[in-house]
Amino acid sequence: MKRLVLATSNKGKVREIKELCENYEVVPYTDIIEPFEIVEDADTFKENALIKARAVYKALGDEDAVVLADDSGISVDVLDGAPGIYSARYAGENASDKDNLYKLIDDIKAKSVTSSPAHYTAAIAIITKDKERTVHGWMYGTAITEARGDGGFGYDPMFIPFGFDKTLGELDNAIKKKLSHRSKALSLASKVLKVL
Ligand SMILES: O=c1[nH]c(=O)c2ncn([C@@H]3O[C@H](COP(=O)(O)OP(=O)(O)OP(=O)(O)O)[C@@H](O)[C@H]3O)c2[nH]1
Ligand SMILES: [Mg+2]
């Protein structure tokens, strides 16, 4: 089975990517080497995913490694697309998922609305010795000003996917697995991996 090293320290992503890449041995890089800080200072999801994948590929020192990174976030229409690429640090550099979630709820409420169209983006970068590839996936829906359910991670308790009336926190995990930005990007990534 081909080994895929994940350039992430986000446990929610590791769990979802493992579930979605059953044909690979998926290993977070932190199981192989000490975690280190990666500065994600680009202005797009794609470039930030490449920064993470390149940093981990280099640190592993194994030229045969196949490294996959995910850079993702939520964009809310009423906030002109915020938090977007800043989703992980919306409430500050060391903010927890809960801090970020409640800041987003407060910021939407401050616009005097109780919901807004929103979408998630995932950019996936795959790096091998001589190739760099990126793919994207999106999930559209509504961000609401309350947190419901404890499934998923991050902003999921306040996100209702288009066509549903429950949040990703409340819906069965199988639904997110089918619909999510990450699953769509990974389905394209699996095609890329086959031809690398
Ligand atoms: O509710 C959510 N469901 C999702 O499916 C999802 N995907 C991304 N996000 C949020 O977007 C940021 C990613 O930032 P990010 O790509 O920099 O990742 P990260 O810093 O957490 O880990 P790393 O991969 O960089 O190590 C984080 O705040 C996540 O909460 C999600 N929230
Ligand atoms: Mg990050």
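Just so we're clear, the structure is a prediction, and the values are computed from it rather than from any experiment.

Enquirer: I'm lost on the site of ligand 1 in this one. Help?
Expert: Contacts to ligand 1 come from 20 residues, most closely from T8, Y120, F153, Y155 and D156. In the model, an oxygen atom of ligand 1 is placed 2.9 Å from a nitrogen or oxygen of the E40 side chain. Relative to its free-state accessible area of 630 Å², ligand 1 is covered by the protein chains to the extent of 91%. Here the shell around ligand 1 takes four residues from strand β3 (residues 67-76), the largest share from any one element. Along the lines of polarity and charge, the residues of the shell around ligand 1 split into four nonpolar, eight polar and eight charged.

Enquirer: Explain the coordination of the magnesium ion (ligand 2) here, please?
Expert: Under perfect tetrahedral coordination by four donors, a metal shows angles of 109.5 degrees; under perfect octahedral coordination by six donors, it shows angles of 90 or 180 degrees. Taken together, E40 (OE) and E40 (OE) make up the protein donors of the magnesium ion (ligand 2), found 2.2 to 2.8 Å from the metal. Relative to the helices and strands, E40 resides in the loop between β2 (25-28) and α2 (45-60).

Enquirer: Would you explain the UniProt feature "active site" (unreviewed entry) in the protein chain in this entry?
Expert: According to UniProt, the positions carrying the feature "active site" (unreviewed entry) are D71. Examined against the element boundaries, D71 turns out to sit in strand β3. Not counting the four nearest positions on each side in its chain, D71 is found in contact with K13, E40, F45, N48, A49, K52, T121, A122 and A123. There is a polar contact of 2.8 Å between the side chain of D71 and the side chain of K52.

Calculation criteria
Residues numbered from 1 in each chain as written. Chains lettered and ligands numbered in written order. Predicted model: local features only at pLDDT ≥ 70, side-chain atom pairs only at ≥ 80, totals over all residues. Heavy atoms only, no water. Near = heavy atom within 4 Å. Polar contact = N/O pair within 3.5 Å; in protein donor to acceptor, adjacent residues only side chain to side chain. Areas by Shrake-Rupley, 256 points an atom, 1.4 Å probe, with all protein chains shown as cover. Helix = DSSP H or I, 4+ residues; strand = E, 2+ residues; numbered from the N terminus. Nonpolar A, V, L, I, M, F, W, Y, C, P; charged D, E, K, R; others polar. Donors = N, O, S within 2.8 Å, 3.2 Å for Na, K, Ca; no water. UniProt positions renumbered as here; feature names shortened; annotations may be inferred. Contact = heavy atoms within 4.5 Å.

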